Number of protein chains: 6
Amino acid sequence: MSRVSIFRREHFNAAHRLFNPSWDDAKNQLVFGKCSNPNYHGHNYDLEVKITGETDPETGYVTDLKKLSNLIKDQVLSKFDHKNLNLDTPYFRHTNPTAENIAIVIYGILRSEIDSGLELKIRLYETERNFVEYPAGEGS
Amino acid sequence: MSRVSIFRREHFNAAHRLFNPSWDDAKNQLVFGKCSNPNYHGHNYDLEVKITGETDPETGYVTDLKKLSNLIKDQVLSKFDHKNLNLDTPYFRHTNPTAENIAIVIYGILRSEIDSGLELKIRLYETERNFVEYPAGEGS
Amino acid sequence: MSRVSIFRREHFNAAHRLFNPSWDDAKNQLVFGKCSNPNYHGHNYDLEVKITGETDPETGYVTDLKKLSNLIKDQVLSKFDHKNLNLDTPYFRHTNPTAENIAIVIYGILRSEIDSGLELKIRLYETERNFVEYPAGEGS
Amino acid sequence: MSRVSIFRREHFNAAHRLFNPSWDDAKNQLVFGKCSNPNYHGHNYDLEVKITGETDPETGYVTDLKKLSNLIKDQVLSKFDHKNLNLDTPYFRHTNPTAENIAIVIYGILRSEIDSGLELKIRLYETERNFVEYPAGEGS
Amino acid sequence: MSRVSIFRREHFNAAHRLFNPSWDDAKNQLVFGKCSNPNYHGHNYDLEVKITGETDPETGYVTDLKKLSNLIKDQVLSKFDHKNLNLDTPYFRHTNPTAENIAIVIYGILRSEIDSGLELKIRLYETERNFVEYPAGEGS
Amino acid sequence: MSRVSIFRREHFNAAHRLFNPSWDDAKNQLVFGKCSNPNYHGHNYDLEVKITGETDPETGYVTDLKKLSNLIKDQVLSKFDHKNLNLDTPYFRHTNPTAENIAIVIYGILRSEIDSGLELKIRLYETERNFVEYPAGEGS
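Position labels on residues start from 1 in each chain and follow its written sequence. Key to labels: chains lettered from A, ligands numbered from 1, both in the order written. Whole-chain, interface and lining totals are the exception, using all residues; otherwise, since this is a predicted model, local features are given only for residues with pLDDT of at least 70 and side-chain atom pairs are given and counted only at 80 or more. The side-chain values count all of the structure's non-hydrogen atoms but skip hydrogen atoms and water molecules.

Q: Which residues make up the pairing of strand S5 (residues 130–134) of chain C, and what values do they have?
A: When you tally the buried positions in S5 of chain C, you get 5 out of 5 residues, the bulk of the element. Between buried and exposed lies partly exposed: a residue is buried under 20% and exposed over 50% of the maximum accessible area for its type, with that area taken using a 1.4 Å probe on protein chains only. Runs of H or I in DSSP of at least four residues are treated as helices and runs of E of at least two as strands, each being numbered from the N terminus. Here S5 of chain C shows no split at all, with Asn 130, Val 132 and Tyr 134 of chain C on one side and Phe 131 and Glu 133 of chain C on the other all buried. Note: two strands are recorded as paired if DSSP finds a minimum of 2 bridges between them. As paired strands, strand S4 (residues 119–125) of chain C and S5 of chain C are joined by 4 bridges and run antiparallel to one another. Bridge pairing links Ile 122 of chain C to Tyr 134 of chain C in S5 of chain C. Sheet analysis places S5 of chain C next to strand S1 (residues 3–16) of chain E, joined by 4 bridges and oriented antiparallel. From the neighbouring strand, Asn 130 of chain C faces S1 of chain E, where its bridge partner is Arg 8 of chain E.

If you want it as structure tokens, here you go:
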């Protein structure tokens, strides 16, 4: 048996604004600048889900990428695609929807759906030039 | 002298919703589906501006791409980047911000800023898979 | 009203071999080289469908890209994705599945499904470096 | 001296089908779906070879990327490009040509050709959205 | 018979500076800015060659893309790749190596090598965001 | 608190030649081939800067990507963009400007500008097919 990492890339389009509700508007504007526009802006988010584990000797799969794609669609895209992350999801009422926090939320959603013997990592592209990974580092 | 087309690609991130104000919410939802989410969604828009004309024999330029880039930043990105297209710009109060209409609006903004002897065409990517060109066809 | 071109990009994965059945194996090998491997090879084809027409004043659409995407899935991807173009489709029994001919076939499939008042053009990427467009040129 | 990772990206086009010969056709179809089409389908595979080691103080290279490119062409592309992975190579007679297994096979081919003091990792893209890495994790 | 456009994409890496020898250094610096650095800068140029014509009924090709690729390598890449465009080629002694002029030069090199019944167009990417096409427009 | 990696991608265009000044021209030519062209060649370099650390509970940022972008522009792009790496910068007088060494130099420039509690990694693309990472491996 061999440990292999597999990756599935999916997409969603969403609106958001960066906003810390414990700060006043002036401080939010000072810290987050145009990313804190009260009327929101948006992104085409590219989501890469990485799963690491042993290949199954009968299938040659770590896990079936088609099933992983469907899981991401059911558990993540259905909640985030064409949504306002601040208003339309329960995750960012008290959490600022930075790329870092969106990746942590998606990790939390998927972690409980994936076999505990498999490692999970999330890479989220907010733009082609700004992206994040969670959790940092390699290894279980 | 030779007729050459030059292209400059720029980016902006914006929120929008598809909405025809002369229809009720049910019809907007029926026609535009999740693209009509009242809380907005968003995109990383990629904008390609194409200029066609003769090259200047002294510079070898159709037009200076650095100046074109600055023009797009000043006239388009400053108005659209990190904005809500429906709420934060004057262009989509009575016009639905489809990719088609955004391209037509950008054409209108830039046409008056560019030498009338040069042809202008706009390509706008709403996503990598959905994009539009205005005006259609080639030739003046 | 304004003439705008809209584009939708879709993907399919298929096997094929280049083969002229009126030639013997030696001539096929001579002309088509490794592309004529009798056991087939394959590609991730990227398909861009371009539609040109007037925008609808009520929707701001030339045509609904979601409906266009579904049409391409129903009429093209269902027949070509994860298929052997030579063996599993009726189109290439007597026609060599070059990128040129695949584009012509896809044009024929979609032309009858799309409003005759709209122009149609197909761009097909066999690889990132080899691609074709049909029909050639612009026009009305 | 400094440990640096270098990467070389190459491409090959191949046909394959997913198939476990110890199962009957019905089970292969059930598990692998359209990926098990008996007439094969295909992909443009993108192969990234990563080598990690100390830079040579005289050349500033970990290893000459031109030589690495030629090694990949001679040892991998010559065997896989424009081939049917199941029929035209010896590697997948008894091994299912999943992306995971293709990466493991390519690792095996290249490992013996590369200085044992250098680490090797393979990333294989079956499509832009489905890809794998072998071996998983970092560090020697 | 059907008119189809085919495209082949190739790459070269070169140094250049923008410079009009009939101007003094101050004016070159004023007009071309950092692009006129006397010690040169450089680019990964992406070259797309587009050929338009009828498909051959026997091959299904407009022209063999493998032969076109070899022609580009022999006639263009051999002269431009890993070269200083100003110093190492005869083309830019008296012509400023703007993207526009490089495209015109490549068109001139290839036009005489390609069947006069086929149309030719050059697209040259200096960067992902700056690119040009020559000749402008469609049609012969 | 959660450890997250964030990435910012920037670009610069530069000329260089590979050259070891302790070797004669013949040996430089033998080892580095066309990359040692005395008149230089060039690249569009893509630079990815990766920072790993805990997210700030108030901002949800590991570090502000806008500030990171400005830091890279001020400290790296201002020195390298539209420059000749061998002649116009102090870094490659006695060091061969291979991708490996350029990445090591950029790491050195940025390491002193970034909070010592944050990890730093550099990925540098010389072309889409040739790229490097420094330092190799994961973990602090």
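Q: Pulling in residues and values, what's your account of the arrangement of the chains?
A: Any two residues whose heavy atoms approach within 4.5 Å are treated as being in contact. Regarding chain D and chain E, the two do not touch, and the least distance separating their C-alpha atoms is 14 Å. Between chain B and chain F there is no contact, and the shortest C-alpha to C-alpha distance separating them is 14 Å.

Q: Now, about the interface of chain D and chain C: what can you tell me, with residues and values included?
A: One widely used convention gives an interface's size as the accessible area the parts lose upon coming together. Opposite the 23 residues of chain D that make contact, chain C presents 23 residues. Once two parts are put together, the accessible area they lose, assessed with a 1.4 Å probe and summed over both, is termed the buried area. Across the chain D to chain C interface the summed buried area is about 1,700 Å²; carbon plus sulfur atoms make up 46%. Ranking the residues of chain D by area buried against chain C places Asn 39, Asn 44 and His 82 of chain D at the top, with a combined share of 35%. Salt bridge, as used here, is a side-chain nitrogen of Lys or Arg placed within 4 Å of a carboxyl oxygen of Asp or Glu. Summed over the shared surface of chain D and chain C, the number is 2 salt bridges. Taking the shortest distance from any N to any O, the salt bridge between Asp 81 of chain C and Lys 34 of chain D comes out at 2.8 Å. In the analysis that follows, any N or O atom pair within 3.5 Å is treated as a polar contact, provided that within protein one partner can donate a hydrogen and the other can accept it, and provided that, for residues neighboring in sequence, both atoms belong to side chains. The interface formed by chain D and chain C includes 19 residue pairs in polar contact (both at pLDDT 80 or more). Looking at the side of chain D that touches chain C, the elements that each hand over two or more residues are strand S1 (3–16), strand S2 (41–54), strand S3 (83–84) and helix H3 (85–88) of chain D.

Q: Hey, could you go over the relation of the copies chain D and chain A for me, with residue numbers and the actual values?
A: Here the copies were fitted onto each other by least squares, based on C-alpha atoms from residues at pLDDT of at least 70 in both. Between chain D and chain A, which share one sequence, the superposing operator has a rotation angle of 120° and an axial displacement of 0.0 Å; the RMSD is 0.0 Å. Taken together, the rotation and translation relating the two chain copies correspond to the operation of a three-fold axis. An overlap of only 5% is found between the interface residues of chain D and their copies at the interface of chain A, pointing to separate contact surfaces.

Q: Any details on unusual backbone geometry? Residues and values, ideally.
A: Residue Pro 135 of chain A is reached from Tyr 134 of chain A by a cis peptide bond, and omega for that bond is -5°. Looking at where Pro 135 of chain A falls in the secondary structure, it is placed in the segment after strand S5 (130–134). Although it is not a glycine, Tyr 40 of chain C sits at a positive phi angle of roughly 80°. Positionally, Tyr 40 of chain C belongs in the loop between helix H1 (25–32) and strand S2 (41–54). Exposure remark for Tyr 40 of chain C: the relative accessible area of 13% places this residue in the buried category.

Q: Can you tell me about the interface of chain D and chain A, naming the residues and giving the values?
A: The partner chain A presents 23 residues to the 22 residues of chain D that form the contact. Between chain D and chain A the total buried area reaches about 1,800 Å² when both faces are included, carbon and sulfur atoms providing 53% of it. Considering only the surface of chain D that becomes buried against chain A, Glu 100, Arg 129 and Phe 131 of chain D emerge as the three largest contributors, covering 35% of it. Linking chain D with chain A are 1 salt bridge, by the criterion used here. Ionic pairing is found between Arg 129 of chain D and Glu 10 of chain A, a salt bridge with its closest N-O pair at 3.9 Å.

Q: Which residues make up the pairing of S2 of chain D, and what are the values?
A: All names here are of chain D. Where burial is concerned, most of S2 is hidden: 13 out of the 14 residues are buried. By the bridge criterion, 14 bridges tie S1 to S2 in an arrangement that is antiparallel. Bridge pairing in S2 places Ser 5 opposite Thr 52. Across 7 bridges, S2 lies against strand S4 (residues 119–125) in antiparallel orientation. Its bridge partner being in S4, Thr 52 is matched across the sheet by Glu 119.

Q: Tell me about the packing of helix H2 (residues 65–80) of chain A against helix H4 (residues 99–111) of chain A, residues and numbers included.
A: Residue and element names in this part refer to chain A. With their axes 10 Å apart at the nearest point, H2 and H4 run at an angle of 140° to one another. What the angle tells us is that H2 and H4 run oblique. Once H2 is placed against H4, the crossing between them reads as right-handed. Together, Leu 71, Gln 75, Val 76, Lys 79 and Phe 80 of H2 and Ile 102, Val 105, Ile 106, Ile 109 and Leu 110 of H4 make up the contact between the two elements. Here the term charged refers only to Asp, Glu, Lys and Arg, the term nonpolar to Ala, Val, Leu, Ile, Met, Phe, Trp, Tyr, Cys and Pro, and the term polar to all other amino acids, Gly among them. A class-by-class count of the residues in the contact of H2 with H4 yields 8 nonpolar, 1 polar and 1 charged. Structural elements are reduced to axes, namely lines fitted to C-alpha atoms, with helices fitted over the stretch in contact, and the angle between N-to-C directions of any two is expressed from 0 to 180 degrees. Reported orientations rely on four angle classes, namely roughly parallel under 35 degrees, roughly antiparallel over 145, roughly perpendicular from 65 to 115, and oblique for the rest. The sense of a crossing depends on the near helix, which, turned anticlockwise from the far helix by less than a right angle, makes the crossing left-handed and, turned clockwise, makes it right-handed.

Q: Could you give an account of the environment of His 16 of chain E, naming the residues involved and the relevant values?
A: All names here are of chain E. As for its position among the elements, His 16 is in strand S1. Linking His 16 and Pro 97, residues 81 residues apart in sequence, is a C-alpha distance of 7.0 Å. What His 16 contacts, discounting residues up to four positions off in sequence, is Tyr 40, His 41, His 43, Tyr 45, Leu 85, Asn 86, Pro 97 and Glu 126. A polar side-chain atom of His 16 sits 2.9 Å from the main-chain carbonyl oxygen of Pro 97.

Q: Account for the confidence of the model for chain A, naming residues and giving values.
A: pLDDT measures how confident the predictor is about each residue, on a scale from 0 to 100. Per-residue confidence for chain A averages 96 on the pLDDT scale, and 97% of its residues sit at or above 70. For this predicted complex, the interface score ipTM comes out at 0.95, while the overall pTM is 0.97.

Q: Just give me the short version of the pattern of salt bridges, but keep the residues and values in it.
A: Following the criterion strictly, the structure yields 48 salt bridges over all chains and no others. Overlapping salt bridges, with partners in common, bring together Arg 8 and Glu 10 of chain A together with Arg 129 of chain D in one network.

Q: Can you break down the relation of the copies chain D and chain C residue by residue, with the values?
A: Superposing chain D onto chain C takes a rotation of 180° plus a shift of 0.0 Å along the axis, which leaves an RMSD of 0.0 Å. The transformation relating the two chain copies, once decomposed into turn and shift, fits a two-fold axis. By residue overlap, the copies meet face to face through one surface: 100% of the interface positions of chain D are interface positions in chain C.

Q: Please provide a residue-by-residue account of helix H2 (residues 65–80) of chain B, values included.
A: A residue's bend is simply the angle between two axes: one fitted to the seven residues ending at it, one to the seven starting at it. Of all the bends in H2 of chain B, the greatest, near 40°, is centred on Lys 73 of chain B. Along H2 of chain B, the residues that are buried comprise Leu 65, Leu 68, Ser 69, Leu 71, Ile 72, Val 76, Leu 77 and Phe 80 of chain B. Contact partners of the buried residues in H2 of chain B: strand S1 (3–16), strand S2 (41–54), strand S3 (83–84), helix H3 (85–88) and helix H4 (99–111) of chain B together with strand S5 (130–134) of chain E. For H2 of chain B, the capping residue at the N-terminal end is Asp 64 of chain B, with a side-chain oxygen 2.8 Å from the backbone nitrogen of Lys 66 of chain B. Among the residues trailing H2 of chain B, His 82 of chain B stands out with phi positive, at a value near 60°.

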